[in-house]
Amino acid sequence: QQQVKQSPQSLIVQKGGIPIINCAYENTAFDYFPWYQQFPGKGPALLIAIRPDVSEKKEGRFTISFNKSAKQFSLHIMDSQPGDSATYFCAARTTGNQFYFGTGTSLTVIP
Amino acid sequence: EADIYQTPRYLVIGTGKKITLECSQTMGHDKMYWYQQDPGMELHLIHYSYGVNSTEKGDLSSESTVSRIRTEHFPLTLESARPSHTSQYLCASSEKGYGNQPQHFGDGTRLSIL
């Protein structure tokens with residue numbers, strides 16, 4: 001059973017657009033929600049993370065919005081650039097320190 | 001940038017061979033993990049370790065084994081490789097504790113079994 005559901009599977013936006021990637025979960029034991037960015041041939045790298053007691057977190061052009069009651073969280077990329085083209089994974093960690101990942105979103109930013 | 005290294009980066013090998021995928025980290029992290037990654041799928045946890053001499057199986061059933069004799073080293077072994085083992089294998093590590101400790105990933109080993 002997939003613990004973290006991620007959508008869309010792929011996304012194409014124009015440069016300067018604001019792609020939004022959504023994730024949903026059911027397990028209320030999750031206590032930490034990171035997003036990872038992965039370029040071809042590289043491992044996932046931490047982009048930004050949030051804890052469930054916070055509704056929004058911004059780091060540069062990346063923002064996580066978190067809705068605890070709906071058990072949903074999303075990644076927004078402001079002023080997207082071609083260099084942001086990558087695969088993005090959401091994840092959730094249990095209090096037992098196990099991580100569960102979404103299926104990934106392939107983002108393409110067209111110049 | 002995290003210091004976690006995986007070798008080899010790519011491996012093409014015949015069925016029945018014994019394979020060891022290496023993973024080393026220089027950050028002194030207690031926790032280490034092995035994931036299997038296939039296109040369009042979530043990362044599946046196959047093994048993890050919370051410290052020296054500690055190893056556990058993850059959610060995804062795997063015919064591989066791991067060992068953790070030193071903090072920095074977490075090799076994964078396939079005794080007899082099969083085509084179904086073809087995948088990308090990612091190693092990760094994280095600090096001890098339950099705060100905001102993310103996982104740091106290596107660049108993976110892409111394994112192809114002929």
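To start, this report covers the structure provided alongside it. Every value quoted in this text rests on a predicted model; they were computed, and no experiment measured them.

What follows covers the sheet that holds strand 1 (residues 4–7) of chain B. Residue and element names in this part refer to chain B. Here four strands make up an open sheet; going across it, the order is 1-3-8-7 and the pairing antiparallel. The sheet terminates laterally at strand 1 and strand 7 (65–66), the two strands that pair on one side only. Looking at chain direction, strand 7 and strand 8 (residues 76–78) are connected through two bridges and run antiparallel. Bridging from a neighbouring strand, V66 pairs with L76 of strand 8.

This part covers the state of the cysteines. Per the counting criterion, the structure on display carries two disulfides over all chains. Here A:C23 connects covalently by a disulfide to A:C90, the sulfurs 1.9 Å from one another. Its S-S torsion of about -95 degrees marks the bond between A:C23 and A:C90 as left-handed, since a negative value means left-handed. Taken as a pair, A:C23 in strand 3 (residues 20–25) and A:C90 in strand 9 (residues 86–94) lie far apart in primary sequence, 67 residues in all. When its relative accessible area of 2% is taken as the criterion, A:C23 is described as buried. Of the residues examined, A:C90 reaches a relative accessible area of 0% and is grouped as buried. Paired by a disulfide, B:C23 and B:C91 hold their sulfur atoms 1.9 Å apart. Note on the B:C23 and B:C91 pair: the S-S dihedral is about -75 degrees, so by sign convention the disulfide is left-handed. One end of the pair, B:C23, is in strand 3 (residues 19–25); the other, B:C91, is in strand 9 (residues 87–94), with 68 residues separating them in the sequence. Of the two residues, B:C23 and B:C91, both sit in the buried class.

Before going further, it helps to examine the interface of chain A and chain B. Taken together, the contact pairs 22 residues of chain A with 26 residues of chain B. Of the roughly 1900 Å² buried between chain A and chain B, counting both surfaces, carbon and sulfur atoms make up 45%. On the chain A side of the interface with chain B, the three residues burying the most area are A:N97, A:Q98 and A:F101, jointly 26% of the side's total. Linking chain A with chain B are one salt bridge, by the criterion used here.

Analysis parameters
- Residue numbers restart at each chain and count upward from 1, following the sequence in its written direction.
- Here every chain gets a letter starting at A, and every ligand a number starting at 1, in the order they are written.
- Side-chain atom pairs in this predicted model are given and counted only at pLDDT of 80 or more, local residue features only at pLDDT of at least 70, and totals for whole chains, interfaces and linings cover all residues.
- The side-chain values count all of the structure's non-hydrogen atoms but skip hydrogen atoms and water molecules.
- Criterion used throughout: strands pair if DSSP finds at least two bridges between them.
- By definition, any uninterrupted DSSP run of H or I lasting at least four residues is a helix, any uninterrupted run of E lasting at least two residues is a strand, and each is numbered from the N terminus.
- Any cysteine sulfur atom paired with another within 2.5 Å is treated as part of a disulfide.
- Exposure classes here rest on a 1.4 Å probe applied to the protein chains alone. A residue is buried below 20% of its type maximum, exposed above 50%, and partly exposed in between.
- Contacts between residues were defined by any pair of non-hydrogen atoms, one from each residue, lying within 4.5 Å.
- Put simply, buried area is the surface a 1.4 Å probe can reach on two separate parts but cannot reach once they are joined, added for both.
- By convention in these notes, a salt bridge is any Lys or Arg side-chain nitrogen within 4 Å of a carboxyl oxygen on Asp or Glu.

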